[in-house]
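Residues per chain are reported as follows:
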Amino acid sequence: MDTMTLLPQGRPLTRDDLDAMPDDGHRYEIIDGVLVVTPAPSTGHQDLVRQLFLVLSAACPDELEVYFAPLEVMLSEDTVIEPDLLVARSDEFTGRGLPGAPLLAVEVLSPGTRRIDLVVKRSRLEAAGVPSYWVVDPEEPTLTVWELVEGHYVEVAHVACQEEYAATSPFPVTIVPARLRRHRP
Amino acid sequence: MPWSRPLTRADLDELPDDGHRYELIDGSVLITPVPHVAHQAVLGRVLAALSAACPSELEVLPGPFNVTLGPATSLQPDLVVARHDDFTEHDLPVAPLLVVEALTPHTRRLDLTLKPSCYAAAGTASYWVIDPDELTLTAWELMDGAYVEVAHVTGNDEWTASLPFPVTLTPATLRT
């Protein structure tokens, strides 16, 4: 618990404070100045992140880039998040991460982050003007897609298992949730 | 922090008393800056109004106080009302009857999204939010497992709650 004593006394946290966080396997994010510490994801979660990364990368046009976490996305001075996957314009990345809103953020749910991903992150990404937010629930599996319409997220797709989602934003790609899960013998 | 595993109440107890609010949600930790004076002033008025109307079998407590909603979820509401007998010496190990949160710039989003989601799932019948800047009070009550807004009052408007007990509040009088 020594690491926690590094936190500055009773003030909102900023990106610089994140640099002082230990490399202990937790994900450290700041949302509106509140530090959110989530456990490292499971192998199954990462398996799914990899599969989706490969599908997105194969379809990604030259001027865009697909990244997987950890990569810092700075939505404002007091909000720095690390989506599981993100897509943004190649020329917008700096050495430290992405200093603005991505075109797409993707979160793969896990028991510890489900509520945070579905309510807090969705609300914050909406406020930041991220055009598309995808959430993959590994349980069924399902993919839910929200897109920004006049400043608010509208659910434009919810597909399960073998159903197909033909995305148009941020680029055309077809996602089949069942194919994101590798079936080990 | 212990190496990359979901955190528990026991881990929270190890954290320093450094002026932050530490809360546990499904094994993740939220570390929130301490609120300002105006926030506490408004809560003081609400605490006084609730305490004056509170029946003897219930108790009104101000935060920081741990409300334990499961092995991996422990929240610290600004104000809580629960049955007197439900409190232990260290925490409230069951869902409260009422939770009141006063918004700050840093907790606004959490208080309006994440917290009601947790309390609705736990079965807390009433959830109130006070905006100290706008001087509004919004109240939700649990209906079929989801919160439904039952009141939104501003300024000199009066609102009389029926749950968890009858009490009348006027947002304008909450500011010092």
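Residues numbered from 1 in each chain as written. Chains lettered and ligands numbered in written order. Predicted model: local features only at pLDDT ≥ 70, side-chain atom pairs only at ≥ 80, totals over all residues. Heavy atoms only, no water.

Chemist: Please clarify how the pattern of salt bridges should be interpreted in this entry.
Modeler: A side chain of one charge can pair with a side chain of the opposite charge if their charged atoms are brought near each other. According to the stated counting rule, one finds 16 salt bridges over all chains in the structure shown. Residue K115 of chain B is joined to D111 of chain B by a salt bridge in which the shortest nitrogen-to-oxygen separation is 4.0 Å. Taken together, the residues K115 of chain B and D111 of chain B, both in helix α3 (residues 108–122) and four residues apart, mark about one turn of the helix. Each of the two residues, K115 of chain B as well as D111 of chain B, counts as buried. Salt bridges here are not isolated pairs; linked through shared partners, they connect R27, E29, D84, E107, D117 and K121 of chain A. (Salt bridge = Lys/Arg side-chain N within 4 Å of Asp/Glu carboxyl O. Helix = DSSP H or I, 4+ residues; strand = E, 2+ residues; numbered from the N terminus. Buried < 20%, exposed > 50% of the residue type's maximum accessible area, 1.4 Å probe, protein only.)

Chemist: Teacher, can you tell me more about the interface of chain B and chain A here?
Modeler: Frequently, the measure chosen for interface size is the accessible area that the parts lose on association. Listed per partner, the contact involves 34 residues of chain B and 35 residues of chain A. Surface buried jointly by chain B and chain A totals about 2,800 Å² across both partners, of which 62% is contributed by carbon and sulfur atoms. Between chain B and chain A we count two salt bridges in total. Here D32 of chain A makes a salt bridge to R109 of chain B, at a shortest N to O gap of 2.9 Å. In this structure, the connection of chain B to chain A is made through seven residue pairs in polar contact (both at pLDDT 80 or more). At the level of secondary structure, the elements contributing two or more residues to the side of chain B that touches chain A comprise α1 (9–14), β1 (21–25), β2 (28–32) and α3 of chain B. (Contact = heavy atoms within 4.5 Å. Buried area = accessible area lost by both parts, 1.4 Å probe. Polar contact = N/O pair within 3.5 Å; in protein donor to acceptor, adjacent residues only side chain to side chain.)

Chemist: When you look at the pairing of strand β2 (residues 34–38) of chain A in this model, what are you seeing that I'm missing?
Modeler: In the case of a regular strand, side chains alternate between the two sheet surfaces. Counting buried positions along β2 of chain A yields five of five residues, so the element is predominantly enclosed. What you see with β2 of chain A is no split at all: V34, V36 and T38 of chain A on one side and L35 and V37 of chain A on the other are buried throughout. Bridge analysis of strand β1 (residues 27–31) of chain A against β2 of chain A gives five bridges, and the strand direction is antiparallel. Note on β2 of chain A: the bridge partner recorded for I31 of chain A is V34 of chain A. Linking β1 of chain A back to β2 of chain A in an antiparallel pair, the connection comprises two residues, with D32 of chain A at a positive phi of about 55°. Note: β2 of chain A against β2 of chain B, three bridges, orientation antiparallel. Each residue of the ladder has a partner; that of V37 of chain A, found in β2 of chain B, is V29 of chain B. (Pairing = 2+ DSSP bridges.)

Chemist: How should I be thinking about a nonpolar patch on the surface in this particular structure?
Modeler: On the surface, V149, V154 and V156 of chain A cluster together into a nonpolar patch covering about 210 Å² of accessible area. For V149 of chain A, the position within the fold is in strand β10 (residues 142–149). (Patch = residues over 30% accessible without salt bridge, like charges linked within 9 Å, V, L, I, M, F, W, Y side chains within 5 Å. Areas by Shrake-Rupley, 256 points an atom, 1.4 Å probe, with all protein chains shown as cover.)

Chemist: Even after reading the chapter, I still don't get the nonpolar core, so can you show me in this structure?
Modeler: Soluble globular proteins tend to bury their nonpolar side chains together. The biggest cluster of nonpolar side chains holds 35 residues, and the ones touching the most others in it are L86, L125 and Y133 of chain A together with L30, L114 and Y127 of chain B. Going through the elements one at a time, β2, β4 (72–76), β6 (85–89), α3 (114–128) and β9 (132–137) of chain A together with α3 and β9 (126–131) of chain B are the ones with two or more residues in this core. At five residues, the largest contribution of residues to this core is made by α3 of chain B. Ignoring sequence-local partners within four residues, the contact set of L125 of chain A consists of L75, I81, A105, V130, Y133 and Y153 of chain A. V66, V87, L104 and V106 of chain A belong to the second largest nonpolar core, which has 25 residues in total. (Core = buried A, V, L, I, M, F, W, Y, C linked by side-chain atoms within 4.5 Å.)

Chemist: Mind showing me how you'd approach helix α2 (residues 37–53) of chain B here?
Modeler: One full turn of an α-helix is made of 3.6 residues, so residues set three or four places apart face in the same direction. All names here are of chain B. With 17 residues, α2 extends 25 Å from end C-alpha to end C-alpha; this agrees with the ideal 24 Å at 1.5 Å per step. The complete set of buried residues in α2 reads H39, V42, L43, V46 and L50. Seen along its axis, α2 keeps its buried residues to an arc of 95°; they face one direction. Facing away from the buried side of α2, by more than 90 degrees, are the exposed residues V37, A38 and A52. Packing partners of the buried residues in α2 comprise β3 (58–62), β6 (79–83), β8 (98–102), β9 and β13 (167–169). (Expected span 1.5 Å × (residues − 1). Arc of directions from axis to C-beta.)

Chemist: What should I look at first to understand the confidence of the model for chain B in this one?
Modeler: Predicted coordinates in areas of low pLDDT are best not read in detail. Mean pLDDT over chain B: 90, with 97% of residues reaching 70 or higher. For this predicted complex, the interface confidence score (ipTM) comes to 0.80, while the overall pTM stands at 0.85. (pLDDT = per-residue confidence, 0-100.)

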